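In case you want the letters, here they are:
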Amino acid sequence: MNQTTAGALTPATIPAYFASVEGGSTAWQSRTRENIRTRYCVWPGQSPDGRKRGSRTGNAKPWEGASDQRTFIVDGLIASDAAMLTVALARANVDAVPVAGDDIERASLVSRFTRWLLQRGIPHFFTEAKILANTVLTHGVGVMSIAWRREVIHQPIRLARSEILRMGNSSEEQGQKDEGKGQRAESAPDLIPSTWSTDPSGDFLSAIDDPAREAEARALLSLAFPDATTAELTAAVRDLRPRDGVADPTATLYRAEEVANQPTVRALTVGTDIFFPPETDDLEQAPAVFEVQWLTREELEARRDDQNWDAEWTERVIATALKTPDLRDDDAARLLASPGSETLKARVICAYYRSRDEHTGRAQTRYCVFAADAPDAGCALDEVFAYTHSRYPYVVFTRDRETRRILESRGMAEIGQSAQDEIKLQRDGRADHTELAHLPPLYHPLDGAPAAWGPMAFVPRRRGDQTPYEYVKVPPPPAGSIEVEQTLLANLDKRFGNAGADGEGGRAWLKQELVNEWLRSMAQVAAHAFALWNAYGPEDIFFRVVGDESRSPARLVRGSKQERYDFFLSFTVDLLDPKSAETRLNKLGEALARYDRQGLVNWGAFLRMLANTYDPATADKLIMSRDDAAEQEFARAKQDLTQIWAGMDVDFPDIGRDPDTAAQVLQEYLAGSEQIPANDVQTRFANDEAFRARLEKYQKQIRFQQQQHENAQTGRLGAAAGNMSE
């Protein structure tokens, strides 16, 4: 259980609780900064040329200009595993299992839809997934937020009095034309309902011109602009009235247009973008979760208008809490970046916290927004969190979960830091020795230093030596330095499951467990996204999954809000290596062909999987669906028969054709049907010897191919299909 001191959280106490949680995260923030320094090789006194330089506080050690290399060992390991996780996610199998009930057909459709949702239904999903993978591997912990995004823009529509007059005169006629064409015009006057009349007895223009009927004019105008406010409608009505000096009065109104209505995700860094109590072991049990957003004045005003943020709170925050963000202090991942821009922003905290209804005493999740730098301003919003599943809209990802606490998961930077530092020491030592060997120091008399001569350093010594000028004897190369580095690299590869430089020694199970843990958390993201779509998405949607066997779009009708599925994402790491995957699939194919007694194997899916191991990008284009293949074979067989009828000698090929489908087409060609009898074909077959010979040869070739397939199956089964001994 999480031990917290949150007490009863309310809008009045939530800012103070956030301050305590943020203050308790200093140890984690120090770890993340150190991880970033390790991954990107950042340290104090670093110079761009990779050399040690002195400063006001002291000289460079061991000498000015000594090697100070940046060894991106950890960065390379993280980049490799991040790419592996991203590819595994893109190729993962998605399965949905209903929590209750046995609607397997619906579950199969939901599985396909969820795969489409991850591929295309969530904007920038794979971009955020890659960012998250790098965060998790670097620090050991990352969080993915899942929310429903509905964005509406307000298009300005200009109305002129003359256009309204023309629309009124031609609305009925134009409506009939558009209905006949199956389309409607796109100009501004067409937004006006046809019920607006301009006859002298008067609906719309008469109402506009009569101040006493202003309310009626507003009501008519609101039919075309339902989102306009009363003030906007009143101004428009008055602007459209005739007045001196204006030949054609005009007004501008805004019409809402939905540009986004879909789930959205965002990768978050703990201690920078998101905070929760450091002792948390299950995010769902945390008393509160805080997401940090930096918002400009314009963004604050937009949320005031679109999301009903408190107007007084917004004005107070704009007046007191806008500042220039220092990204170097607030985001450890930007240690290498320049200071923040001059854009003023407010640090806004979006808090989700557990509470109880003061009337019923029932537990509930609430959503509260406040400014970190203006806690006394109160909350911009405080309401019951409306998502039907009542869970926090976050999923935690960990890399090295060996204890219960989330923040005790370790990243690759923390694990590989000491080895990388030692490798840097070895490389710097070899570089310094090489420079000494090529440009050794030079002895010279105490008072006889050369003015403009000397390789690397001048070392004075007393007179009396027989040779006043002499190079210093350089020590021998550091013995075993390369072996030490190779051992360290091999240990890192072994620790993280990588194959060594010779291609041997990889621990595939470590990689597989890393992928499994990643996909288990991604399955929770999929569950959140589907629940949101089922609650807020359209009533039905047509979609098509890339790589699916069916070429035709599938249709998903939105289910009930209580519909629940367990989602599973799976991927085998060996499939990332084409050679290993081919060997594995070949062995699997041989075993399936040998033991498939009941025809349970989907060979089309097997062929698609084999093609994906070579080139996933083109496999979908090269391999047709089963329906498309059958349709194509029907067309090709009919074309063969047309050529035979025309007198051409056609052979049935032994590769790339389906003899069973061709035999079916030939049978229908000879026998005919009630709708299309084959009297002419049968008459010619009986009387035309050459036609009969061509057709019989074609039929024999089809039968030969069918027999070849049957022989192959008999060889696998040991007896003819359907005649196996009991």
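Scroll up to find the structure this text is about.
Just so it is clear, the model here is predicted, and its values are computed rather than measured.

A. Seen up close, the side chain of S521. Mapping S521 onto the fold places it in helix α15 (residues 508-536). Setting aside chain neighbours within four positions, we find S521 in contact with V395, V396 and F397.

B. Seen up close, the environment of E696. Structurally, E696 can be placed in helix α22 (residues 689-717). Judged by its relative accessible area of 33%, E696 falls in the partly exposed class. Residues E696 and F685 lie 11 residues apart in sequence; the distance between their C-alpha atoms is 9.7 Å.

C. The arrangement of the pairing of strand β14 (residues 554-557) in detail. Here β14 shows one buried face, formed by A554 and L556, and one open face, formed by R555 and V557. Here strand β13 (residues 540-543) runs beside β14; their pairing, made up of 4 bridges, is antiparallel. Each bridged residue has a counterpart across the sheet, and for F542 the counterpart in β14 is R555.

D. Focus on the pattern of salt bridges. Under the defined criterion, the tally for this structure stands at 35 salt bridges. With its nearest N and O atoms 2.7 Å apart, the salt bridge here joins R161 to D209. Taken as a pair, R161 in helix α6 (residues 161-181) and D209 in helix α7 (residues 204-209) lie far apart in primary sequence, 48 residues in all. A residue is classified by how much of its surface remains accessible, and R161, at 17% relative accessible area, is buried. Judged by relative accessible area, which is 35%, D209 ranks as partly exposed. With a closest N to O distance of 3.1 Å, R304 and E315 form a salt bridge. Placement of R304 in helix α10 (residues 297-306) and of E315 in helix α11 (residues 311-320) is noted, with a sequence separation of 11 residues between them. Classification of E315 as partly exposed rests on a relative accessible area of 39%. Linked by salt bridges that have partners in common, E214, R218, R238 and R241 make up one network.

E. Focus on the sheet that holds strand β7 (residues 363-371). Taken in spatial order, the 5 strands of this open sheet run β4-β5-β6-β7-β8, and their pairing is antiparallel. Lying at the two open borders of the sheet, with one neighbouring strand each, are β4 (274-275) and β8 (381-384). Across 2 bridges, β4 lies against strand β5 (residues 288-295) in antiparallel orientation. Residue pairing for β5: F275 is matched across the bridge by F290. Lying over the sheet, α10 contacts β5 and β6 (346-356), oriented at roughly 120° with respect to β5.

About the criteria used
- Residues numbered from 1 in each chain as written.
- Predicted model: local features only at pLDDT ≥ 70, side-chain atom pairs only at ≥ 80, totals over all residues.
- Heavy atoms only, no water.
- Helix = DSSP H or I, 4+ residues; strand = E, 2+ residues; numbered from the N terminus.
- Contact = heavy atoms within 4.5 Å.
- Buried < 20%, exposed > 50% of the residue type's maximum accessible area, 1.4 Å probe, protein only.
- Pairing = 2+ DSSP bridges.
- Salt bridge = Lys/Arg side-chain N within 4 Å of Asp/Glu carboxyl O.
- Axes fitted to C-alpha atoms, helices over the stretch in contact; angles between N-to-C directions.

So far we have only geometry, and geometry alone does not tell us how the molecule works.
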